[in-house]
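Residue-level listing of the chains:
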2 protein chains.
Amino acid sequence: MNRGETGYETWLRYEEITDSALHTQYRAYFQTIEIKGNSPIIESAKEELMQGLRSLLGVTPKCLSATGEQASCLIGTIADVAEVSQAIKERLREEGYAIYSEKGRLVLVGKTETGVLYGTFHLLRLLQMRDHLHDLRIVENPRNQLRMINEWDNMDGSIERGYAGGSIFFEHNKVTNNLQRIKDYARILSSIGINAIAFNNVNVHEEETKLITRKFLPDVAKVANIFRQYGIKTFLSINYASPIQLGKLETADPLDEKVRAWWKETVADIYRYIPDFGGFLVKADSEHRPGPFTYGRNHAEGANMLAEALAPFGGIVLWRCFVYNCLQDWRDRKTDRARAAYDHFKPLDGLFHDNVVLQIKNGPMDFQVREPVSPLFGAMPKTNQMLEFQITQEYTGQQKHLCYLVPQWKEILDFDTFANGKESPVKSIVDGSQYDYKVSGITAVSNVGNDENWTGHLLAQANLYGYGRLTWNPNLSTEEVTTEWTRATFGDNEEVIQTIHEMLLQSWLIYESYTAPLGVGWMVEPGHHYGPNVDGYEYSVWGTYHYADCHGIGVDRTVATGTGYTAQYFAENYELYEHLETCPDSLLLFFHHVPYTHKLKSGVTVIQHIYDTHFSGAEQAEQLLESWRSLEGKVDSERFQQVLERLEHQAEHAKEWRDVINTYFYRKSGIPDEKKRTIYPI
Amino acid sequence: MNRGETGYETWLRYEEITDSALHTQYRAYFQTIEIKGNSPIIESAKEELMQGLRSLLGVTPKCLSATGEQASCLIGTIADVAEVSQAIKERLREEGYAIYSEKGRLVLVGKTETGVLYGTFHLLRLLQMRDHLHDLRIVENPRNQLRMINEWDNMDGSIERGYAGGSIFFEHNKVTNNLQRIKDYARILSSIGINAIAFNNVNVHEEETKLITRKFLPDVAKVANIFRQYGIKTFLSINYASPIQLGKLETADPLDEKVRAWWKETVADIYRYIPDFGGFLVKADSEHRPGPFTYGRNHAEGANMLAEALAPFGGIVLWRCFVYNCLQDWRDRKTDRARAAYDHFKPLDGLFHDNVVLQIKNGPMDFQVREPVSPLFGAMPKTNQMLEFQITQEYTGQQKHLCYLVPQWKEILDFDTFANGKESPVKSIVDGSQYDYKVSGITAVSNVGNDENWTGHLLAQANLYGYGRLTWNPNLSTEEVTTEWTRATFGDNEEVIQTIHEMLLQSWLIYESYTAPLGVGWMVEPGHHYGPNVDGYEYSVWGTYHYADCHGIGVDRTVATGTGYTAQYFAENYELYEHLETCPDSLLLFFHHVPYTHKLKSGVTVIQHIYDTHFSGAEQAEQLLESWRSLEGKVDSERFQQVLERLEHQAEHAKEWRDVINTYFYRKSGIPDEKKRTIYPI
């Protein structure tokens, strides 16, 4: 591994501590270390700690193993560390840990081995942040049970919506032999608390269908073995038609006895290879994927059949709610794709087995730069739910543009659903506390590929980092998470930290400002979803329209005059969105069709807002570039250059966005820019 | 071969004659046949004649071979047929033939063996048309020297812009072993007078570059051998960077001595394998293909270098003029792609060697359903020119829609360029008569693939047929050509003939009416070019814009206020197009930007014209379907069904075109349809 200059080491770079007082303090705490236990996970913790300390301190600490000598740093599970207080023991839950120090001695205890590993990463983070280790009283438990990553990797080595090279898992229709890279990925994920992964695409093609068979299970087991050492459970995405394609049955009907038997045998076989297999991730009846609808069964019947097969082994079913009509007639103004997930699933509340979790995208459409929170969150008290984010920047600049998504995710997690009256934020639904779900959590589509720096855009690593940290604790502030990542990745220079921190925090709103305005979404090139195309999805089958004409724009989703989508929200939010007077500007065109001359709460008209934001957005993209340029010589040249090239492209491409969008709306509305800036053609 | 029910036999179906008087007459003329000579081409003629007569008459005529007995039908070249009159001999030119009959005897003489073959097809056509054979006095010479087909076939088996299956020439990066299909294609082409073919795509990719090397020349020679037997010369499309890619040279500069020597050796090698090789077809400096511009050379220097290598062997260079900036900034209103060919090539008049022919697309853009004739025709008196059509329906419905192009081609061929004063139609330029070109003619992109019926849409065979017949004689009327094809393909039922004839003749204008209006073009999905997308090319790099805003639409190409493109035409046409008052409605938006309320010569406004034509176009597409349905039981069921399915799709897709175009313009203009028909959204 390089010394961090390629970006390969991510935030696990562990730059050497130069402050001599701190160095002395740290060395004292790690004079001697005793780590109890020797299981694979404990070995991982030990390896991480030793490697991290060597790098941070420039020395290799002495490791004691039950010699009777008291170590300055003691690490182990609560079962192994006798001296841990009952009070602490009681506060630790599954995967939790405590770190405390007094009188020059530091103790790290995990409720489980995995807790030890997480605690180790926390400890190292304290050093990365240059925090004092005196008088620590840390007790940490993850807020979410499932903290998951979905890879959209195909066995041919490609990644659906991947913007950082090819798969690190597959090549040439086989599981890769490069297990070291997978191990490095496991380290990265574990360091931010991820505990579950499905490493094949939710669109399960022909070869991938066979991953659950003996042809590939030995290879899947190899991958699972690596992840297991880092506390991460392995899941597989499955093809709902597997009984037909693999089992030579004539049906995949979930109520068919042969189908049920086939899945039971298949699941049993998987557990022979992977005893702690997590379960199945299922995209069914969605965008041409097979599913229970084919057989006149509903999604509860479809999911429960798999759940029954998995239950004896403790496995679960992650059932995606991304179900909608993807062959819509654009002339049909009554069907509203935004309604689809709620309309399909809400009536099934209570019918799902308790080892089924519904996986719900954050918004009702599809990971746009801005959309409202899905009304399905909180609407199913008797059904496990989890939240799906998209780290890979499909609609947010594809890791060519800087778009730091933590601020967006925070808004979503904090969004109050009013499901249980006030104070029912999304985070309280998906952490299971609101309705006492048996299984729940957060998942997200990975932004990682085999590019040397993992994410293509080096700064896009911050999205992966931030995602992990928020799934561990949604109450962390954007500032905390961002500072952690920036410092761990770029070191001690305060100007560098400050500059990058600001760039990250502004970037989402900048991206929003020069792309699709006021929550309308979808103004991208169809298919690959990169670059502006205002009418790209306007006459298509995908249910994604803006209805711009020469008078106005937006989708009327009100109960009063539109599709009635607003009624899917609990009363407080329904009232907010239903009425033009209360609907926030940022989502105006998602909920209402208004004339270009409609005055926003900001005081400007819709058309002037479009012009203003697109001019300023492109300028701000240029300023991002200038900010980065100011760091020349302060960031190592290779990583500086990597980021510089992306930002140069972004600044140029933001102008293309600005000009296409402004021209489109000027041509359509005929209303000139009040400030008389250049709009083509003039 | 099947008995014609799949469409495989095309117009060479030779349905048996049921009229007994005619049958008797024909049998008398073909009682005994003597065919002089036994070269491969004469053998082809004999095989065609025997096969055709067997099928038409149900008997095998007796073939005499120089027994002294006088045959009722005598066939041969003028060298072999002693009795042919001096008057006839003098009227025959290269590839010409005469057919005459008197006193129950029929004589067919060709100036050359190829003439004999063409005459044989003509003779068979007389029988297909059920014409009397008495007192024939036919003397035929082709009007065009080159009557060519360009295949856009790739060695991987795909066809660029192919809509009838895969290649019949290549599969798996090799030349196919299915030489019978190539022979059948040669027969089809020869029957309509085609005498030249380039059978690999003008976009020459990596493997195809090697077609001119010993790796593939033996296979190319096999194909050339087949075509030679049908009077067709073989050409190859070449990669201008071949000296680099194949010759390991560092340059492909046409003035570099090593490059010149490399091409000379390469050409000499080709002629070792194919002694009558036709020459090279070259797409250079066009859409990212390499060319002389890379080395600061002009296209005359680029083409002449190849011409010099080919000259000793009688080979020629077909140099495409499709050269334009394909990375245009849509904001740049000064660059006009329509100007490009003229601007690039006109200044080079007189600089090309006499075995170079400039291959010019019919219009200045790219095979749109309607565009003006390229102003380059007639503008280069000292430079050989040929015309390029596109039989494959890239922008005209992709052989899913019926679009019979003979009427369009007739308009183009008859278009008066005024190059030499009045009466300088395009056909007189490209047949070489206007400027006494040494080499000239017509070429076209084939619409054939390995679909059983060759062209996907059975009725699209009529385009291939019509193309061949018009290249032989541009003065044939659309009605003649269409009647010939319909009768040969569908037999004697007058209702069938009449119905299909009408469908064909209306189809181009129907397609135009529901797609891009008034000559504006390009309102298609980018990339594959199928289906409506009004803004699809509006903000792209391709130089293809319509500039529609809320007030009006069209491209101002006038000298007075626009790009000045009109000045490329000779005075009479310049005057015609420059002025709004004289510019024909059908090309209005190609030449002028006008308000939607502009009144056309037809009396309606532009916007109302758009609505009217799109409503009526979709209705007419429905009527095409109804017309075809009326033939159920009168056309064999397999071919009936084939065509029915295409027409059903067309009728449906025409409605999509209608609705997208009307909605787009209604939304943009805000002007309602006077007739209050349904436009979405309403």
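Cut-off values and rules
Residues numbered from 1 in each chain as written. Chains lettered and ligands numbered in written order. Predicted model: local features only at pLDDT ≥ 70, side-chain atom pairs only at ≥ 80, totals over all residues. Heavy atoms only, no water. UniProt positions renumbered as here; feature names shortened; annotations may be inferred. Contact = heavy atoms within 4.5 Å. Buried area = accessible area lost by both parts, 1.4 Å probe. Salt bridge = Lys/Arg side-chain N within 4 Å of Asp/Glu carboxyl O. Polar contact = N/O pair within 3.5 Å; in protein donor to acceptor, adjacent residues only side chain to side chain. Buried < 20%, exposed > 50% of the residue type's maximum accessible area, 1.4 Å probe, protein only. Helix = DSSP H or I, 4+ residues; strand = E, 2+ residues; numbered from the N terminus. Right-handed = clockwise from strand over helix to strand, strands pointing away. Pairing = 2+ DSSP bridges. Domains from an automatic or database assignment. Expected span 1.5 Å × (residues − 1). Axes fitted to C-alpha atoms, helices over the stretch in contact; angles between N-to-C directions. Phe/Tyr/Trp six-rings, centres within 6.5 Å; stacked < 30°, edge-to-face > 60°. Lys NZ or Arg CZ within 6 Å of the ring centre and 35° of its normal. Disulfide = S-S within 2.5 Å. Least-squares fit on C-alpha atoms with pLDDT ≥ 70 in both. pLDDT = per-residue confidence, 0-100. Parallel < 35°, antiparallel > 145°, perpendicular 65-115°, else oblique. Left-handed = near helix turned anticlockwise from the far one by under 90°. Nonpolar A, V, L, I, M, F, W, Y, C, P; charged D, E, K, R; others polar.

Under an unreviewed UniProt entry, the name given to chain A is Xylan alpha-1,2-glucuronidase, and the source organism is Halalkalibacterium halodurans. The UniProt entry for chain A carries this comment under Subunit (unreviewed entry): "Homodimer." Of the comments in the UniProt record for chain A, the one headed Sequence similarities (unreviewed entry) reads "Belongs to the glycosyl hydrolase 67 family."

S.K.: Honestly, the interface of chain B and chain A in this entry has me stumped. Any pointers?
M.R.: Many structure descriptions define interface size as the accessible area lost when the parts assemble. Tallying the contact residues gives 23 residues for chain B and 23 residues for chain A. Across the interface of chain B and chain A, roughly 2,200 Å² is buried in total on both sides, 55% from carbon and sulfur atoms. Per-residue buried area on chain B facing chain A is highest for Arg331, Tyr539 and Arg667 of chain B; these three make up 34% of the total on that side. Between the two partners, chain B and chain A, sit six salt bridges. Note that Glu656 of chain A and Arg331 of chain B form a salt bridge whose closest N and O atoms lie 3.0 Å from each other. The interface formed by chain B and chain A includes ten residue pairs in polar contact (both at pLDDT 80 or more).

S.K.: Sorry if this is basic, but what is going on with the pairing of strand E14 (residues 356–361) of chain A here?
M.R.: Side chains on a regular strand alternate between the two faces of the sheet. Residues and elements named next belong to chain A. Counting buried residues along E14, six of its six residues qualify, which places the element largely inside the surrounding structure. Burial of E14 is two-sided: the residues Val356, Leu358 and Ile360 facing one way and the residues Val357, Gln359 and Lys361 facing the other way are all buried. For the crossover that starts at strand E13 (residues 316–320), traverses helix H11 (residues 340–345) and ends in the parallel E14, the hand is right-handed. Where E14 meets strand E15 (residues 385–390), four bridges bridge the pair, whose relative direction is parallel. Considered in E15, the bridge of Gln359 is made with Met386.

S.K.: When you look at the domain arrangement of chain A in this model, what are you seeing that I'm missing?
M.R.: We note that the domain assignment places domain 1 (20–140), domain 2 (146–477) and domain 3 (514–555 + 593–669) within chain A. Taking only C-alpha atoms into account, the centre of domain 1 of chain A sits 48 Å from that of domain 3 of chain A.

S.K.: I'm lost on helix H20 (residues 637–669) of chain A in this one. Help?
M.R.: In an α-helix, one full turn covers 3.6 residues, which means residues spaced three or four apart are oriented alike. Taking 1.5 Å as the rise per residue, H20 of chain A with 33 residues should run 48 Å; its terminal C-alpha atoms sit 47 Å apart, in good agreement. At the C-terminal side of H20 of chain A, Gly670 of chain A shows a positive phi close to 70 degrees.

S.K.: Sorry, what's going on with the sheet that holds strand E3 (residues 73–77) of chain B here?
M.R.: Residue and element names in this part refer to chain B. If you walk across this open sheet you meet the six strands as E2-E1-E3-E5-E4-E6, and the pairing is mixed. Bordering the open sheet on either side are strand E2 (62–64) and strand E6 (137–140), each of which pairs with just one other strand. Pairwise comparison of adjacent strand axes, ignoring direction, gives a mean angle of 15 degrees for this sheet. Where strand E1 (residues 32–35) lies against E3, three bridges are found, and the strand directions are parallel. Paired with Ile33 across the strands is Cys73, a residue of E3.

S.K.: Would you mind going over the sheet that holds E15 of chain A with me for this structure?
M.R.: By definition, the strands of a sheet pair up through backbone hydrogen bonds, in either a parallel or an antiparallel sense. All names here are of chain A. Here eight strands make up a closed barrel; going around it, the order is E7-E10-E11-E12-E13-E14-E15-E16 and the pairing parallel. Looking at each pair of strands side by side, their axes are set apart by 25 degrees on average, direction ignored. Summarising the sheet, strand E12 (residues 279–282) and E13 pair through four bridges and their orientation is parallel. In the strand pairing of E13, Phe280 is matched with Val317.

S.K.: Got a minute to help me understand the packing of aromatic side chains in this structure?
M.R.: Two aromatic rings, taken as a pair, are described by how far apart their centres are and by the angle between their planes. Within this structure, the stated rule accounts for 74 aromatic pairs over all chains. Geometrically, the ring pair formed by Tyr569 of chain A and Tyr577 of chain A is edge-to-face, given 5.1 Å between the ring centres and 65 degrees between the ring planes. Here the two residues Tyr569 of chain A and Tyr577 of chain A agree in accessibility, since each one is buried. Ring centres 6.1 Å apart and planes at 65 degrees place the aromatic pair Phe169 of chain B and Tyr185 of chain B in the edge-to-face group. In this pair, Phe169 of chain B sits in the loop between strand E7 (146–150) and strand E8 (170–171) while Tyr185 of chain B sits in helix H5 (residues 179–191), placing the two residues 16 residues apart along the sequence. Put simply, the rings of Tyr8, Phe169, Phe170, Tyr185, Phe199, Phe227 and Trp454 of chain A pair up and form one aromatic cluster. In this structure, Arg181 of chain B is placed above the aromatic ring of Trp454 of chain B, and the distance from its NZ or CZ to the ring centre is 4.0 Å. Lying over the aromatic face of Phe322 of chain B, Lys361 of chain B brings its terminal NZ or CZ to 3.3 Å of the ring centre.

S.K.: I tried to follow the pattern of salt bridges on my own but got confused; where do I start?
M.R.: Side-chain pairs of opposite charge can arise whenever the charged atoms involved come near each other. Within the structure shown, the criterion is met by 90 salt bridges over all chains. A salt bridge links Arg272 of chain A to Asp269 of chain A; its shortest N-O distance comes to 2.5 Å. With Arg272 of chain A and Asp269 of chain A both in helix H9 (residues 257–273) and three residues apart, this pair spans about one turn of that helix. For Asp269 of chain A, a relative accessible area of 10% corresponds to the buried category. Between Glu652 of chain A and Lys655 of chain A there is a salt bridge; the shortest N-O distance is 3.5 Å. Remark: Lys655 of chain A and Glu652 of chain A occur in helix H20; sequence separation between them is three residues, near one turn of the helix. Through salt bridges with shared partners, a single ionic network connects Asp329 and Arg331 of chain A together with Glu656, Arg658 and Asp659 of chain B.

S.K.: Before we go on, may I ask you to explain the state of the cysteines in this structure?
M.R.: Covalent bonding between the sulfur atoms of two cysteines defines a disulfide. Tallied over the full model, the rule gives zero disulfides over all chains. In this structure Cys321 of chain A is not part of a disulfide, and its nearest cysteine sulfur, from Cys326 of chain A, lies 16 Å away.

S.K.: I tried to follow the relation of the copies chain B and chain A on my own but got confused; where do I start?
M.R.: Between the two chain copies there is a screw-like relation: a rotation about an axis and a shift along it. Rotating chain B by 180 degrees and translating it 0.1 Å along the rotation axis places it on chain A, where the RMSD comes to 0.1 Å. Taken together, the rotation and translation describe the operation of a two-fold axis. Ranked by how close their C-alpha atoms come to the rotation axis, the residues of chain B are headed by Lys668 of chain B, at 2.8 Å.

S.K.: What's the story with the environment of Thr234 of chain A in this structure? I'm lost.
M.R.: Residue and element names in this part refer to chain A. Mapped onto the secondary structure, Thr234 falls in strand E11 (residues 233–238). On the accessibility criterion, Thr234 (2% relative accessible area) is buried. Setting aside chain neighbours within four positions, we find Thr234 in contact with Ile197, Phe199, Ala224, Phe227, Phe277, Gly278 and Gly279.

S.K.: What is the right way to read the UniProt feature "domain: Glycosyl hydrolase family 67 catalytic" (unreviewed entry) in chain A from this model?
M.R.: Taking the numbering used here, the UniProt-annotated feature "domain: Glycosyl hydrolase family 67 catalytic" (unreviewed entry) corresponds to residues 127–454 of chain A. Structurally, residues 127–454 of chain A is divided into 26% helix and 15% strand, and its ends, taken at the C-alpha atoms, are 24 Å apart.

S.K.: I'm lost on the pairing of strand E4 (residues 97–102) of chain A in this one. Help?
M.R.: Residue and element names in this part refer to chain A. Burial analysis of E4 places five of its six residues in the buried class, which makes it a mostly covered element. Across six bridges, the pairing between E4 and strand E5 (residues 105–110) is antiparallel. The partner of Ala98 across the bridge, within E5, is Val109. With four bridges joining them, E4 and strand E6 (residues 137–140) adopt antiparallel strand pairing. Note on E6: the bridge partner recorded for Ala98 is Val139.

S.K.: Teacher, can you tell me more about the confidence of the model for chain A here?
M.R.: In regions of low pLDDT, the predicted coordinates are not meant to be interpreted in detail. Counting all residues, the mean pLDDT for chain A is 96, and 99% of those residues have values of 70 or more. This complex was scored by the predictor with a pTM of 0.93 and an ipTM of 0.89.

S.K.: Just checking my understanding: could you explain the packing of H9 of chain A against helix H10 (residues 299–310) of chain A for this structure?
M.R.: For any two helices packed against each other, one specifies the inter-axial angle together with the distance between the axes. Residue and element names in this part refer to chain A. The N-to-C vectors of H9 and H10 enclose an angle of 45 degrees; their axes lie 8 Å apart at closest approach. Considering their axes alone, H9 and H10 lie oblique with respect to each other. Here H9 and H10 pass one another in a crossing that is right-handed. Residues Val259, Arg260, Trp263, Lys264, Val267 and Tyr271 of H9 pack against Met305, Leu306, Glu308, Ala309 and Leu310 of H10. Here the residues of the contact of H9 with H10 are counted per class, giving eight nonpolar, no polar and three charged.

S.K.: What am I meant to see in the side chain of Thr613 of chain B here?
M.R.: Locating Thr613 of chain B in the fold gives a position in helix H19 (residues 606–629). Sequence-distant contacts of Thr613 of chain B, defined by excluding residues within four places in its chain, comprise Ser513 and Tyr514 of chain B.

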